[in-house]
Amino acid sequence: GDSVTQTEGLVTLTKGLPVMLNCTYQTTYSPFLFWYVQHLNEAPKLLLKSSTDNKRTEHQGFYATLHKSSSSFHLQKSSVQLSDSALYFCALSDLGSWQLIFGSGTQLTVMP
Amino acid sequence: AQTIHQWPVAEIKAVGSPLSLGCTIKGKSSPNLYWYWQATGGTLQQLFYSITVGQVESVVQLNLSASRPKDDQFILSTEKLLLSHSGFYLCAWSRTGGARDTQYFGPGTRLLVL
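Residues numbered from 1 in each chain as written. Chains lettered and ligands numbered in written order. Predicted model: local features only at pLDDT ≥ 70, side-chain atom pairs only at ≥ 80, totals over all residues. Heavy atoms only, no water.

Peer 1: What's the story with the overall build of chain A in this structure? I'm lost.
Peer 2: The helix and strand tally for chain A stands at zero helices and twelve strands. The order of α-helices and β-strands along chain A, N terminus first, is β-β-β-β-β-β-β-β-β-β-β-β. Taken over the C-alpha trace, chain A has a radius of gyration of 13 Å; the compact-globule value for 112 residues is 13 Å, and the two agree within 12%. Overall, the C-alpha framework of chain A stretches about 45 × 30 × 20 Å when taken along its three principal axes. Here chain A, with 112 residues, has 46% of them falling under the buried criterion. Taking the contacts inside chain A whose residues are at least 6 apart along the sequence as the reference set, 55% of them involve residues at least 24 apart. (Helix = DSSP H or I, 4+ residues; strand = E, 2+ residues; numbered from the N terminus. Rg over C-alpha atoms; globule rule 2.2 N^0.38 Å. Buried < 20%, exposed > 50% of the residue type's maximum accessible area, 1.4 Å probe, protein only. Contact = heavy atoms within 4.5 Å.)

Peer 1: I would appreciate a short explanation of the overall build of chain B in the present structure.
Peer 2: Each helix and strand in chain B was counted, giving zero helices and eleven strands. Listed by position from the N terminus, the elements making up chain B come as β-β-β-β-β-β-β-β-β-β-β. Expected size for 114 residues packed as a compact globule is a radius of gyration near 13 Å; at 13 Å, chain B falls within 12% of this value. Projected onto its principal axes, the C-alpha positions of chain B cover 40 × 30 × 25 Å. Out of the 114 residues belonging to chain B, those deemed buried represent 48%. Restricting the contact set of chain B to residue pairs at least 6 apart, pairs at least 24 apart contribute 55%. Taken as a whole, chain B presents about 5,200 Å² of accessible surface, with 56% of it coming from carbon and sulfur. Across chain B, 9 positive and 6 negative side-chain charges occur, with their mean positions spaced 4 Å apart. (Areas by Shrake-Rupley, 256 points an atom, 1.4 Å probe, with all protein chains shown as cover. Lys, Arg positive; Asp, Glu negative; His and termini not counted. Charge placed at Lys NZ, Arg CZ, Asp CG, Glu CD.)

Peer 1: Looking at this structure, I do not really get the sheet that holds strand 3 (residues 19-26) of chain B. What am I missing?
Peer 2: Residue and element names in this part refer to chain B. Read across the sheet, four strands follow the order 1-3-8-7 without closing on themselves; strand pairing throughout is antiparallel. Strands at the two margins of the open sheet, each flanked by one partner only, are strand 1 (3-7) and strand 7 (65-70). Averaged over neighbouring strand pairs, the angle between their axes works out to 20° when direction is ignored. Both strand 7 and strand 8 (residues 73-78) contribute to a ladder of four bridges, which runs antiparallel. Each residue of the ladder has a partner; that of serine 65, found in strand 8, is serine 77. (Pairing = 2+ DSSP bridges. Axes fitted to C-alpha atoms, helices over the stretch in contact; angles between N-to-C directions.)

Peer 1: Teacher, can you tell me more about the packing of aromatic side chains here?
Peer 2: Note on aromatic pairs: each is described by the distance of the centres and the angle between the planes. This structure, assessed with the given rule, holds eleven aromatic pairs over all chains. Note on tyrosine 36 of chain A and phenylalanine 105 of chain B: the rings are 5.6 Å apart at their centroids and 90° apart in plane angle, and the pair reads as edge-to-face. Within this pair, whereas tyrosine 36 of chain A is found in strand 5 (residues 31-38), its partner phenylalanine 105 of chain B is found in strand 10 (residues 104-105), the two belonging to separate chains. Both residues of the pair, tyrosine 36 of chain A and phenylalanine 105 of chain B, count as buried. Plain terms: the ring middles of phenylalanine 89 of chain A and phenylalanine 102 of chain A are 6.0 Å apart, the flat faces sit at 85° to each other, and that makes the pair edge-to-face. You can see phenylalanine 89 of chain A sitting in strand 10 (residues 86-94) and its partner phenylalanine 102 of chain A sitting in strand 11 (residues 101-102), a full 13 residues away along the chain. For phenylalanine 89 of chain A, a relative accessible area of 0% corresponds to the buried category. Residue phenylalanine 102 of chain A is classed as buried on the basis of its relative accessible area, which comes to 7%. An aromatic cluster is present here, built from Phe34, Tyr36, Phe89 and Phe102 of chain A together with Tyr36 and Phe105 of chain B joined pairwise through their rings. A cation over an aromatic ring shows up here: arginine 56 of chain A above the ring of tyrosine 63 of chain A, its NZ or CZ 3.7 Å from the ring centre. (Phe/Tyr/Trp six-rings, centres within 6.5 Å; stacked < 30°, edge-to-face > 60°. Lys NZ or Arg CZ within 6 Å of the ring centre and 35° of its normal.)

Peer 1: Explain the environment of glutamate 42 of chain A to me, please; I cannot follow it from the model alone.
Peer 2: Tracing the sequence through the fold places glutamate 42 of chain A in the loop between strand 5 and strand 6 (45-50). Sequence spacing of glutamate 42 of chain A and alanine 86 of chain A is 44 residues, and the spatial spacing of their C-alpha atoms is 9.9 Å.

Peer 1: I would appreciate a short explanation of the interface of chain A and chain B in the present structure.
Peer 2: The accessible area lost on association of the parts is a frequent measure of interface size. On the chain B side, the residues contacting the 22 residues of chain A number 24 residues. For the pair chain A and chain B, the summed buried surface comes to about 1,800 Å²; carbon and sulfur atoms form 60% of the total. Secondary-structure elements contributing two or more residues to the side of chain A that touches chain B are strand 5, strand 6 and strand 10 of chain A. Ranked by residue count, the leading element in the side of chain A that touches chain B is strand 5 of chain A, at four residues. When grouped by side-chain class, the residues that make up the side of chain A that touches chain B number twelve nonpolar, eight polar and two charged. (Buried area = accessible area lost by both parts, 1.4 Å probe. Nonpolar A, V, L, I, M, F, W, Y, C, P; charged D, E, K, R; others polar.)

Listed below in C-alpha cells is the structure:
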C-alpha cells in the first residue's frame, strides 16, 4: 500500500541556517504530495502541495520539488527563523483516492 | 469565509464510557469532511471521510463510528471508550476533488481516557 517516510524525527538548528526535511513516498498511482505544518497546540495547516514532476513550489520561504524518479518531496528553507519551530508532516494522496497518508512527522526546533 | 468549529475543546472520560465529538463547517455547502486522530506528538491517522449527507466511509477500524446528519455537521462517537482512544481528534474539510484537494483542519478536541 501507499506509504510516506520521514527519516528525521527531530531537527535542531540555529536561526539563520538552511534546513532540509526529507520525505520519500511509495505509491503505484499518480501522487499528490503535501507538506503540513503544526505549531504547538494548534491544528495542522497546509504549507505546500504539488503533483507536477520536477517543478519547484514555494510558500512562506519554504520550497519543495516533487521528483517522481526518486519518489521524493523534500522540504527546504534557506534561512530558518524562530517562528519556524513546529512539527512538519509530509502527506501523500493519489488520483481518485479519498485517503491522505501522513508521514511520522519531523519536529523542527530553531534556537536563537 | 469558511469556518470550522469543533466541540468540545477537551474531554476527560472514563474507560467504558460513551463519547460524542462534533464538527461544524460554516460558509461552504457540500464540503468533503474528514476525521483524524493524533497521538500526542505523533502522526495523523485518517479515520473517516464523508462526501455527502448520510454517507460515511471508514478508513481504519478503531472501535469508533462517524455520522453526517447534516450537510455541515460531522459526528464522531463510540459507546465504549478504550485507553487507546486518548489523543487529539481533528476534523477537516475540503472543497472537492478527493484527498488531493487541500484539507483545512479544525482546532481539534483533546481527549484523555482514564
